[in-house]
Amino acid sequence: MINYEKLKSVCDIFQNKDDFVIITHDNLDGDAISSSLAVFCILKKLNKKCVIAYESKIPQNFNFLIDDYFLKEKPYVLFDCEEFDIKDKYVVSVDLADKKLLGKFLQNIEKIDLCIDHHRTNKIFAEISSLVNPLAASTTEIIYEIAKFLKLIDIQIAEYIYVGIITDTGRFAYPNVTEKTHKIASDLIKIGVRNDTLNYKIFDCITKNQIFLNQLVLQTLEFFLNSKCAMIFINQSMLSKSNTSKEDIGLFTQIPRQIKGVLVGATIKEEKKNVYKVSIRTKVGVSAEDICKKFGGGGHKNAAGFTVKGDLNQIKQNLLCEISAVL
Ligand SMILES: [Mn+2]
């Protein structure tokens, strides 16, 4: 349950402050993008000055969320500390559990004023005004409460809320889904959200280049620990060969876990020489979060990640050691 007093205080902030900047974690996912866009729309409806600061491009399967009309509103800047001054603005973070998950510019940000999030591991909330509900399947579920309280939900905000839900729940398939999630979804459908169109655009519309990337990536598939762990690897040369970018990878991180008998799926992505981003996906009963915490990362029970520097083989060995400890 969301705390009514806290919900009201966040709504008061939206109504009484001005000149907002909305930030979220880097490696944008559906919940981060749609949470920030939904908050942007709410603030615009309250006639507030606001902008979203992203530090990387929106993955192409989410580009449709910024429609022609919306573009005129200039919802976001690609954050560059030299061109965009965040000082003096009211900073709202969404779907952000830890400052470390911000991109390289925003990591140095001095203050976050308000935090709206659903990660159990949230490290920001203690210091500032916050609305953190670990029982919410997505951050947009919390934003739904805000929009409803302010009586501002329209079809556009409803679509963003729905997108956050379907992406963070794997289309209502993960254990984070609650009765409440379905109730919110039901309300959104009543408002006019097209679940078929949104699901098609986000999940069932893969480009030829992405499929080519998938072919290259699947050749790296390896099994460990009696085939309870499957691992795939993506490097920069695969991205250039298939003419894709790191934003195209997200779709494939589910694959290792989907294999029958596999309890832990790992995707290792080369960011640059000797820097790797690791995504861990687990089946029920195994905590992805516990594995990633050992490497300074975080996330959810069944989906988490971390960044690590060093030699690839050594990283794999260390990772397998931690995975075997939780199996
Ligand atoms: Mn989320």
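Please refer to the structure higher up on the page.
Not measured: the values here are computed from a predicted model.

A. Main features of the pairing of strand β8 (residues 229-234). Burial within β8 is extensive, with 5 of its 6 residues counted as buried. Both strand β7 (residues 222-224) and β8 contribute to a ladder of 3 bridges, which runs antiparallel. Looking at β8, one finds that F224 is bridged to C229. Here β7 hands over to β8 after 4 residues, with L225 in that stretch at a positive phi of 50 degrees.

B. Main features of the environment of S227. By the secondary structure assignment, S227 is in the loop between β7 and β8. The class of S227 is exposed, set by 12 C-beta atoms lying within 10 Å. Considered as a pair, S227 and V262 are 35 residues apart in the sequence and their alpha carbons are 6.2 Å apart. Here S227 is in contact with G261 and V262, once residues within four sequence places are set aside.

C. Region of the structure containing helix α2 (residues 30-45). Taking 1.5 Å of rise per residue, 16 residues should cover 22 Å, and α2 covers 22 Å from first to last C-alpha, within 8% of that figure. At the C-terminal side of α2, N47 shows a positive phi close to 60 degrees.

D. Inspection of the sheet that holds strand β1 (residues 20-24) at higher detail. Spatially, 6 strands are ordered β3-β2-β1-β4-β5-β6 in an open sheet, and the strand pairing comes out parallel. What marks the edges here is a single partner per strand, and that holds for β3 (76-78) and β6 (129-132). Mean inter-strand twist for the sheet, computed between neighbouring axes without regard to direction, equals 20 degrees. Lying over the sheet, helix α4 (residues 139-149) contacts β4 (90-94), β5 (114-117) and β6, oriented at roughly 115 degrees with respect to β5.

The rules behind these values
- Residues numbered from 1 in each chain as written.
- Predicted model: local features only at pLDDT ≥ 70, side-chain atom pairs only at ≥ 80, totals over all residues.
- Buried ≥ 20, exposed ≤ 12 C-beta atoms within 10 Å, placed from the backbone.
- Helix = DSSP H or I, 4+ residues; strand = E, 2+ residues; numbered from the N terminus.
- Pairing = 2+ DSSP bridges.
- Contact = placed C-beta atoms within 7 Å.
- Expected span 1.5 Å × (residues − 1).
- Axes fitted to C-alpha atoms, helices over the stretch in contact; angles between N-to-C directions.

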